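Summary of structural features
As a plain string of letters, each chain reads:
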Amino acid sequence: MQSERSFGRFAPSTTGPAHPGTLLAALLCWLDARSRGLAVALRLEDLDRERSKPGFVDAMVRDLAWLGLDWDATQRQSEARARHEAVLESLVRAGRVYACDCSRARIREGGALAPDGSFRYPGHCRARVVASGNWRATPDPLRLRLEPGFVPVLDESGLELSGDAASIFGDPLLRRRDGAYAYHFVSVLDDAALGVVRVVRGRDLAPSTTLQVALQHLLGLPTPVYRHHALFLERSGDKLSKLHGAVSIDALREGLDAEALCGLIASAVGLVPVGTHCRPSELVANFGWARVSTDDVLLSWDPVDGLVARSGPTAST
Ligand SMILES: [Zn+2]
């Protein structure tokens, strides 16, 4: 089911409300696609059965539309389950899938820390290969046997992400303990099914690109161009971390209209002068990555001053 058009995509997980970092990622991804004449899709990553709520899905769609972003396709990842399952079945038939009941503690004990913050899976259960007839009934998580192999990956901004995914991450999960298909697996399947040619996303997701490209090679899927951008950070204690729940979109909407918020986000990364009010569509003509700051931006929020971008270089996390 290969799409005929070439797409960019914004793929937020729907495990919480949108925050300023979500809007930055959505805006940059949308501008990247629109400025190249590509179609752009909104893919709602709603596979986490416990944390993804229908209310978050609806709010994400509504808030992005409010900001002025439109989509050529809107997909819910959970609706593609049959397609995901068919690929898993083919991997099972190829003898590449095994059941793994390792606890987190057991993986942590034997695994090295991977650059995405997870622990490398040390391969304890590799011999527990599942057969075509019985993998659906297995309650245990399922993993993919990933053979060693160097994967060359250079992100478009020059970020060197090459490496041997098997030695960095170990065998990746395909199906989790809760029965949901795992993030990297479905992400590469859905990108290929849609015809995604450019993946634009925050720099925090860059390290896992090596694993995603290794999966594409194994599954015979094309590799899109990857571009990772700066993040909005917030100060928590004396540490800077990726901006999460500091301020909700509802709180922002009380003090700002959509044009003001769009301008604030665009100005924080240098696309427009501070104080600009604009719609995303007005930024398409002049958009180019050379005009987007590569420095992470420290944001702070308080009910009186609102959302303030502190300019200047900030420490990365
Ligand atoms: Zn295991």
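Residues numbered from 1 in each chain as written. Predicted model: local features only at pLDDT ≥ 70, side-chain atom pairs only at ≥ 80, totals over all residues.

**Details of the sheet that holds strand β5 (residues 142–144)**
What counts, and what does not: Paired strands are those between which DSSP finds at least two bridges. Counting from the N terminus, the helices are DSSP H or I runs at least four residues long and the strands are E runs at least two residues long. To obtain an axis, a line is fitted to C-alpha atoms, over the contacting stretch when the element is a helix, and the angle between two such axes runs from 0 to 180 degrees between their N-to-C directions.
An order of β4-β5-β8 is seen for the 3 strands of this open sheet, with the pairing classed as antiparallel. One side of each edge strand has no neighbouring strand; the edge strands of this open sheet are β4 (97–99) and β8 (173–175). Adjacent strand axes in the sheet meet at a mean angle of 40°, parallel and antiparallel pairs treated alike. Pairing between β4 and β5: 3 bridges, direction antiparallel. Bridge assignment links Val97 to a residue of β5, and that residue is Leu144.

**Comments concerning the pairing of strand β10 (residues 225–229)**
The line we're drawing: Partly exposed residues are those whose C-beta has more than 12 but fewer than 20 other C-beta atoms within 10 Å; 20 or more makes a residue buried and 12 or fewer makes it exposed, with C-beta atoms placed from the backbone. Clockwise travel from the first strand over the helix to the second, with the strands pointing away from the viewer, marks a crossover as right-handed.
The buried fraction of β10 amounts to 4 of the 5 residues, a majority that puts the element mostly inside the structure. Of the pairings in the sheet, the one linking strand β9 (residues 196–202) to β10 comprises 5 bridges and is parallel in character. Looking at the pairing, Arg198 lines up with Val225 of β10. Handedness of the β-α-β unit built from β9, helix α7 (residues 209–219) and β10 comes out right-handed.

**Thoughts on the sheet that holds β10**
What the 5 strands build is an open sheet, ordered β3-β2-β1-β9-β10; its pairing is parallel. Unpaired on one side and paired on the other, β3 (73–76) and β10 mark the two borders of the sheet. With strand direction ignored, the average angle separating the axes of adjacent strands in the sheet is 25°. Two elements, strand β1 (residues 7–10) and strand β2 (residues 39–44), share 4 bridges in a ladder whose sense is parallel. Bridging from a neighbouring strand, Arg9 pairs with Ala41 of β2.

**Re the nonpolar core**
Applicable threshold: As used here, a nonpolar core is made of buried Ala, Val, Leu, Ile, Met, Phe, Trp, Tyr and Cys residues. They are joined through C-beta atoms within 7 Å. Think of it this way: build a C-beta for each residue from its backbone, and any pair within 7 Å is a contact.
By size, the foremost hydrophobic cluster in this structure holds 49 residues, and its most contacted members are Ala26, Leu27, Trp30 and Ile265. For this core, the element with the highest residue contribution is helix α1 (residues 20–35), accounting for 10 residues. Ignoring any residue separated from it by four or fewer positions in sequence, one finds Leu27 in contact with Ile265, Ala266 and Pro280. In this structure, Leu88, Val92, Ala166 and Leu174 belong to the second largest nonpolar core, which totals 28 residues.

**Digging into the environment of Val297**
Following the sequence through the fold, Val297 ends up in strand β13 (residues 297–302). A count of 24 C-beta atoms within 10 Å places Val297 in the buried class. Sequence separation between Val297 and Val269 is 28 residues; the distance between their C-alpha atoms is 7.3 Å.

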